[in-house]
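Each chain, letter by letter, is given below.
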Amino acid sequence: MLSPAKVRSSRDSTRWATRVSSAAASTAWLQFDLGTLPADTPGSQIEKATLVLWAGSANNAQFDVRPVLSAWSEATLTAALAPATGSIETSVSSVTENSFVTVDVTALVRRWLDGSQANFGLALTPPAGTTPFISFDTKESTTGSHAPALLIQRAVTGLVGPMGPAGPQGLTGFQGP
């Protein structure tokens, strides 16, 4: 993970980084570096991509996941300077306090790898008309070690090799009555 940050629209020049939350009028921002994948990995090789978060606190806990549409930096992000976000990629309707939250973001990661959408990260936003509070641990958390993670499972590709030699004959089993 590269950067976590949270901004609140009512405090347009303030940011937090030890925990990010998706609360009423707040957005949590996450960036992930896909550079650990082999060069030129196509999106079609991604079987599953899962966002994993630790919810330390949760009340009326629900959030939407949206792609971020332009570059941003953890050091300079504020509500006044926040980039635009795209359409809702997926929604999480229930989060339990002190537990991991997993979110399927396979389609988005495939688009990032195919180049049909730039990877500027994810925004976690409260659903319209709701007032949730969720506090997620980050890499800077001082109370836990549950940094957000993006787990990517690649499809196994390659040629099928020739069949190997037959193994030795097994022992004869017991004979029944």
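Thresholds applied
Residue numbers here run from 1 along each chain, matching the order of that chain's written sequence. Per-residue local features of the predicted model are confined to residues with pLDDT of at least 70, and side-chain atom pairs are confined, for both listing and counting, to 80 or more; whole-chain, interface and lining totals are unaffected and use all residues. Side-chain metrics rest on all non-hydrogen atoms present in the structure, leaving aside hydrogens and water. Helix and strand assignments come from DSSP, with helices taken as H or I runs of at least 4 residues and strands as E runs of at least 2, each series counted from the N terminus. When a residue's accessible area, from a 1.4 Å probe over protein chains only, is under 20% of the maximum for its type it is buried; when over 50% it is exposed; and in between it is partly exposed. Salt bridges are defined by distance alone: a side-chain nitrogen of Lys or Arg within 4 Å of a carboxyl oxygen of Asp or Glu. Contacts between residues were defined by any pair of non-hydrogen atoms, one from each residue, lying within 4.5 Å. Along the chain, pLDDT gives the predictor's confidence residue by residue, from 0 to 100. We score Asp and Glu as negative and Lys and Arg as positive, and we do not count His or the chain ends. Two N or O atoms form a polar contact when they lie within 3.5 Å of each other; inside protein one atom must be a possible hydrogen donor and the other a possible acceptor, and for residues adjacent in sequence the pair counts only when both atoms belong to side chains.

Digging into the environment of S57
(1) Moving on: Among the secondary structure elements, S57 is positioned in strand β5 (residues 46-59).
(2) Moving on: Overall, the relative accessible area of 27% leaves S57 in the partly exposed class.
(3) Moving on: A sequence separation of 41 residues divides S57 from N98, and the C-alpha atoms of the two residues are 6.4 Å apart.

Quick look at the pattern of salt bridges
(1) Moving on: All chains considered together, the criterion is met by two salt bridges.
(2) Moving on: Residue D104 pairs with K48 through a salt bridge whose shortest N-O separation is 3.2 Å. Linking D104 in strand β8 (residues 99-104) with K48 in strand β5, this pair joins segments that are 56 residues apart in sequence.
(3) Moving on: Two residues, E89 and R111, come together in a salt bridge whose shortest N-O distance is 2.6 Å. With a gap of 22 residues between them, E89 in the loop between β6 (63-67) and β7 (90-92) and R111 in helix α1 (residues 106-114) connect regions that are remote in the sequence.
(4) Moving on: With relative accessibility at 26%, the residue R111 sits in the partly exposed group.

Brief notes about the environment of R111
(1) Moving on: Residues R111 and P42, 69 residues apart in the sequence, show an inter-C-alpha distance of 9.1 Å.
(2) Moving on: Contacts of R111, omitting those with residues within four sequence positions, involve E89, S116 and Q117.

Description of the confidence of the model for the protein
(1) Moving on: A residue-level look at the protein finds 82% of positions with pLDDT of 70 or above and a mean pLDDT of 81.
(2) Moving on: Looking across the protein, the model is least confident in strand β2 (residues 11-16), with a mean pLDDT of 36, and most confident in α1, with 97.
(3) Moving on: Long-range and interchain partners of residues 6-24, a stretch whose pLDDT sits below 50, account for 80 contacts in this model, where long-range means more than four residues apart.

Description of the side chain of D64
(1) Moving on: Position of D64 among the secondary structure elements: in strand β6.
(2) Moving on: Here D64 sits buried without a salt bridge, and the closest side chain of opposite charge, R66, lies 4.3 Å off (N-O distance).
(3) Moving on: Of the polar contacts made by the side chain of D64, one reaches the side chain of S91; its length is 2.6 Å.

Focus on the side chain of Q117
(1) Moving on: Looking at the element boundaries, Q117 is found in the loop between α1 and β9 (122-125).
(2) Moving on: Of the residues examined, Q117 reaches a relative accessible area of 16% and is grouped as buried.
(3) Moving on: There is a polar contact of 2.9 Å between the side chain of Q117 and the side chain of R111.
(4) Moving on: In this structure Q117 touches P67, L69, L108, R111 and W112, once residues within four positions along its chain are discounted.

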